[in-house]
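Below, each chain spelled out in residue letters.
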Amino acid sequence: MELRHLRYFVAVAEEGSLLTAAERRLHTSQPSLSRQIRDLETEVGVKLLERQPRGVTLTAAGKVFLDHARLALLQVEAAAEGARRAERPQKQSFTIGFLAGQEVVWLPHALRIIREEAPEVEIILSSQSSPDLALALMRGKLDVAFLRPETQSVGVSFKFLAKEPLIAVLPADHRLTSRKKILPQDLARETYVSSARISPVLQSVIQDYASNVGITLKAEYEGEGLPSAMSLVVSTGGITLIPLYAQNMLTPNVVARALEGVPPTIDLTLGYNDSNSSPLLRRFLSRSDELVANIQNQSIIRYAEVP
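Remember, it's a predicted structure, so these values are computed and weren't measured experimentally.

> What am I meant to see in the packing of helix α1 (residues 3-15) against helix α2 (residues 18-26) here?
Packed helices, taken two at a time, are described by the angle between their axes plus the distance between the axes. The geometry of α1 relative to α2 is characterised by a closest axis approach of 8 Å and an angle of 115° between their N-to-C directions. The interaxial crossing formed by α1 with α2 has right-handed handedness. Residues Tyr 8, Val 10, Ala 11, Val 12, Glu 14 and Glu 15 of α1 lie in contact with α2, whose contacting residues are Leu 18, Thr 20, Ala 21, Arg 25 and Leu 26. Counted by class, the contact of α1 with α2 contains 7 nonpolar, 1 polar and 3 charged residues.

> Help me understand the packing of aromatic side chains in this model?
The geometry of two aromatic rings is summed up by the distance between their centres and the angle between their planes. In this structure the tally under the stated criterion is 4 aromatic pairs. Note on Trp 106 and Phe 146: the rings are 5.6 Å apart at their centroids and 40° apart in plane angle, and the pair reads as tilted. Here Trp 106, found in helix α5 (residues 103-117), pairs with Phe 146, found in strand β5 (residues 144-147); they are 40 residues apart in sequence, far enough to count as distant. Assigned by exposure class, Trp 106 and Phe 146 land together as buried. A connected cluster of aromatic rings, assembled from ring pairs, spans Phe 98, Trp 106 and Phe 146.

> Sorry, what's going on with helix α10 (residues 279-286) here?
Because the α-helix completes a turn every 3.6 residues, residues three or four places apart line up on one side. The complete set of buried residues in α10 reads Leu 280, Leu 281, Phe 284 and Leu 285. Down the axis of α10, the buried set is contained in an arc of 135°. They therefore lie on one face. Residues of α10 that are exposed and angled more than 90 degrees away from the buried face: Pro 279 and Ser 286.

Reading the values: the criteria
Residues numbered from 1 in each chain as written. Predicted model: local features only at pLDDT ≥ 70, side-chain atom pairs only at ≥ 80, totals over all residues. Heavy atoms only, no water. Axes fitted to C-alpha atoms, helices over the stretch in contact; angles between N-to-C directions. Helix = DSSP H or I, 4+ residues; strand = E, 2+ residues; numbered from the N terminus. Left-handed = near helix turned anticlockwise from the far one by under 90°. Contact = heavy atoms within 4.5 Å. Nonpolar A, V, L, I, M, F, W, Y, C, P; charged D, E, K, R; others polar. Phe/Tyr/Trp six-rings, centres within 6.5 Å; stacked < 30°, edge-to-face > 60°. Buried < 20%, exposed > 50% of the residue type's maximum accessible area, 1.4 Å probe, protein only. Arc of directions from axis to C-beta.

Now the structure itself:
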């Protein structure tokens, strides 16, 4: 079995078509790709794909193999990235990823610690969604990231930082803005806009909250992320739920309100690749308690107390 077999299989599985994968992803012929897939199935010893008149579908074995194939390719990519970094020690860098918007809160304190530990290091910043940050950690593209504890991140560890309460965001001219807090039942009666389309962790927290308070939150509109969700709130007159830190991103035509009762919370963590042997990473992680203390003492954001 060779790496190209894994790449070919993942491409076919994701495209759902041998022809599309061959032409758009792999730039090869369909007969050649079909032979490679048959060779792979022979090597594995089970059927991975079901050929259909309009494409292909994964067998039960194929679904399991796909997860492992993706992980294997990610590990190879991470190994290559680690080797390239080791070859360039004179250009030492430290790459930090942030859940978009979190850099406003955490970056100044993170930079201070890094500068104290390694004044000459080049610091590279990246802002992405939480799932994309987790993927970048698995690929070895980031040293550390401020993100959610993504459950499918094999080879990545998460160090707890804080619990963030969720708040409600609604149009500035909405009738409920006269209230200091929004009742769960109010959420159920209003047009609900999802802000968690690309955030499975946030989606799970919101659905668990709805179940616990006895309401149903069925999204009539879905934003790709927080900015698009807030735009939909304005245009539809609806309400969305967002983590507290995102109040830094609010535009003048929306307002934030706390939720009545015990609000749902979502964890913020420091993620890092277990195979990353960077001494600076270890020193940075060892000072995470100091990092949290600085945020609690100086930030306008107030995180929930840890139980």
